[in-house]
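Analysis of the macromolecular model
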Amino acid sequence: MTPIVQNGIPAQGMPKFTLSGADVAAIAAWLHSQPLSDRGAPSTLDILVGNAKEGEAYFNGAGHCTQCHSVTGDLAGIGARYDPKTIQNRIVSGGSSRGFGRRPAGPAPPKVPPTTVTVTLLSGQTITGDLDHISAFVVALREPDGTYRSFPRYDSIPKVVVTNPLQWHIDMLPKWRDSDIHSLTAYLVTLK
Ligand code: HEC
């Protein structure tokens, strides 16, 4: 695990992490302490323990999922696309279908927000738009009216703030209740 974590897999979009060998060993020890059934082939019996009706109510209500998703839009047929274990993982992680700052070919999902970026110039002027490209040397964006703009970067100038559309899923990580994940999984599996 250590070289993969420390070098990343740039071709597949996994960044490298500056973790010490001891930290990686601690993570590996934790992973190995997980029950074997969680690491084997997907087990439908283990995953489908929730109540689909409760999942539907949570999706449309307390879960606020409809703020960004639609079961007749971007999530239509998700139960036919993925097995239950993958669906559960994607509820938790938000999936990895879209690379950083890039959209997959074809129409964008209806409501899922894009990655946006705000550039603050030395003059104080701010420019906000959908992120097109970012590297250590340049940041490029498309303004709401379609104008494409790019700015060279020198260290921290201009100031660049990227908004990750998956932030909601990231913020939810410590807050999920098992029962919500189970009922949501049971519900999304029925969307064939
Ligand atoms: C503030 C916006 C937002 C909210 C609220 C939100 N999500 Fe997401 N979700 C996203 C984004 C962005 C993605 C990534 C989609 C993409 O890359 O096209 C995503 C991806 C997913 C995916 C993976 C879809 C796929 O095809 O791989 C699932 C499943 C999912 N969300 C379920 C949920 C559920 C269930 C809720 C409510 C409990 C929820 N989301 C609430 C923004 C949101």
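To start, this report covers the structure provided alongside it. Since the model is a prediction, treat every value here as computed from it, not as a measurement. (Residues numbered from 1 in each chain as written. Predicted model: local features only at pLDDT ≥ 70, side-chain atom pairs only at ≥ 80, totals over all residues. Heavy atoms only, no water.)

**A look at the environment of T118**
Formally: A run of H or I in DSSP counts as a helix once it spans at least four residues, and a run of E counts as a strand once it spans at least two, with each numbered from the N terminus. Contact criterion: two residues are considered in contact whenever any of their non-hydrogen atoms come within 4.5 Å of each other. Each polar contact in these results corresponds to two N or O atoms within 3.5 Å; when the atoms are within protein, one needs to be able to donate a hydrogen and the other to accept it, and residues that are neighboring in sequence are counted only if both atoms are side-chain atoms.
Turning to its location among the elements, T118 is positioned in strand β1 (residues 116-120). C-alpha separation for the pair T118 and P158, spaced 40 residues apart in sequence, amounts to 9.9 Å. Residues contacting T118, with those up to four places away along its chain left out, are T126, I127, T128, K159, V160 and V161. A polar side-chain atom of T118 sits 2.9 Å from a polar atom in the side chain of T128.

**Topic: the coordination of the iron atom of the ligand**
Note the cut-off: For Na, K and Ca the donor cut-off is 3.2 Å; for every other metal, N, O and S atoms count as donors within 2.8 Å. Water does not enter the count, which can leave sites looking incomplete. Any coordination sphere not matching a tetrahedral pattern (four donors, all angles between 85 and 135 degrees) or a square planar or octahedral pattern (four or six donors, opposite donors over 155 degrees apart, other angles between 65 and 115) is reported as irregular. Burial classes: relative accessible area under 20% of the type maximum marks a residue as buried, over 50% as exposed, and values in between as partly exposed (1.4 Å probe, protein chains only).
The coordination sphere of the iron atom of the ligand, as far as protein atoms go, consists of H69 (NE2) and H169 (NE2), spread over 2.0 Å. Around the iron atom of the ligand, the 6 donor atoms are arranged such that angles at the metal cover 87 to 178 degrees; this shape is classified as octahedral. Of this pair, H69 sits in the loop between α4 (52-60) and α5 (78-81) while H169 sits in helix α7 (residues 167-172); the two residues are 100 residues apart in sequence, bridging distant segments of the chain. You'll find H69 and H169 in the same group, each marked buried.

**Here we look at the packing of helix α6 (residues 84-93) against helix α8 (residues 178-189)**
Operational definition: Note on geometry: axes are lines fitted to C-alpha atoms, helical ones only across the stretch in contact, with angles between N-to-C directions running from 0 to 180 degrees. Any angle from 65 to 115 degrees is called roughly perpendicular, while one under 35 is roughly parallel, one over 145 is roughly antiparallel, and all others are oblique. Take the far helix as your reference; a near helix turned counterclockwise from it by less than a right angle gives a left-handed crossing, and one turned clockwise gives a right-handed crossing. Polar here means any residue other than Ala, Val, Leu, Ile, Met, Phe, Trp, Tyr, Cys and Pro, which are nonpolar, and Asp, Glu, Lys and Arg, which are charged; Gly is therefore polar.
Running from N to C, α6 and α8 cross one another at 125 degrees; their axes reach a closest spacing of 9 Å. Judged by the angle between their axes, α6 and α8 are oblique. Seen along the crossing, α6 lies across α8 with a hand that is right-handed. Side by side, α6 and α8 meet where P84, I87, Q88, I91 and V92 of the first sit next to I181, H182, L184, T185, L188 and V189 of the second. In terms of residue class, the contact of α6 with α8 is made up of 8 nonpolar, 3 polar and no charged.

**Digging into the pattern of salt bridges**
Where charged atoms from two side chains of opposite charge come close, those side chains can pair. Threshold: Should a side-chain nitrogen of Lys or Arg be within 4 Å of a carboxyl oxygen of Asp or Glu, the pair is scored as a salt bridge.
Counted under the stated rule, the structure contains 3 salt bridges. Here E56 makes a salt bridge to K53, at a shortest N to O gap of 3.3 Å. Taken as a pair, E56 and K53 lie in helix α4 at a separation of 3 residues, close to a single helical turn. When its relative accessible area of 29% is taken as the criterion, E56 is described as partly exposed.

**Some points on the nonpolar core**
Soluble globular proteins tend to bury their nonpolar side chains together. Just so we agree on the cut-off: What makes a nonpolar core is a set of buried Ala, Val, Leu, Ile, Met, Phe, Trp, Tyr and Cys residues whose side-chain atoms join them at distances within 4.5 Å.
F59, I78, I87, I91, W176, L184 and L188 are the most contacted members of the largest nonpolar core, which totals 15 residues. Mapped onto this core, the elements with two or more residues apiece are α4, α6 and α8. Among the elements that make up this core, the one with the highest residue count is α8 (5 residues). Leave out the neighbours within four places in its chain, and L188 touches F59, L75, I78, G79, I87 and I91. Within the second largest apolar cluster, 8 residues are counted, among which are I127, V139, L141 and F151.

**Focus: the packing of aromatic side chains**
So the rule is basically this: Two aromatic rings from Phe, Tyr or Trp, using only the six-membered ring of Trp, form a pair when their centres are within 6.5 Å; if the ring planes differ by under 30 degrees the pair is stacked, by over 60 it is edge-to-face, and anything between is tilted.
Under the defined criterion, the tally for this structure stands at 2 aromatic pairs. Judged by centre distance (5.8 Å) and plane angle (65 degrees), the ring pair of F59 and Y187 falls under edge-to-face. Residue F59 is located in helix α4, and its partner Y187 is located in helix α8; the two are separated by 128 residues in the primary sequence. Aromatic side chains W168 and W176 sit 6.2 Å apart centroid to centroid with 80 degrees between the ring planes, which places their arrangement in the edge-to-face category. Relative accessible area serves as the criterion here: at 15%, W176 is assigned to the buried category.

**Regarding the packing of α4 against α8**
Two elements in contact, α4 and α8, have axes whose closest approach is 7 Å; the angle formed by their N-to-C orientations is 100 degrees. The orientation of α4 with respect to α8, classified from their angle, is roughly perpendicular. Between α4 and α8, the contacting residues are A52, E54, G55, E56, Y58 and F59 on the first element and D180, S183, L184, A186, Y187 and L188 on the second. Residues that form the contact of α4 with α8 fall into these classes: 7 nonpolar, 2 polar and 3 charged.

These results come straight from atomic positions and should not be treated as a statement about function.
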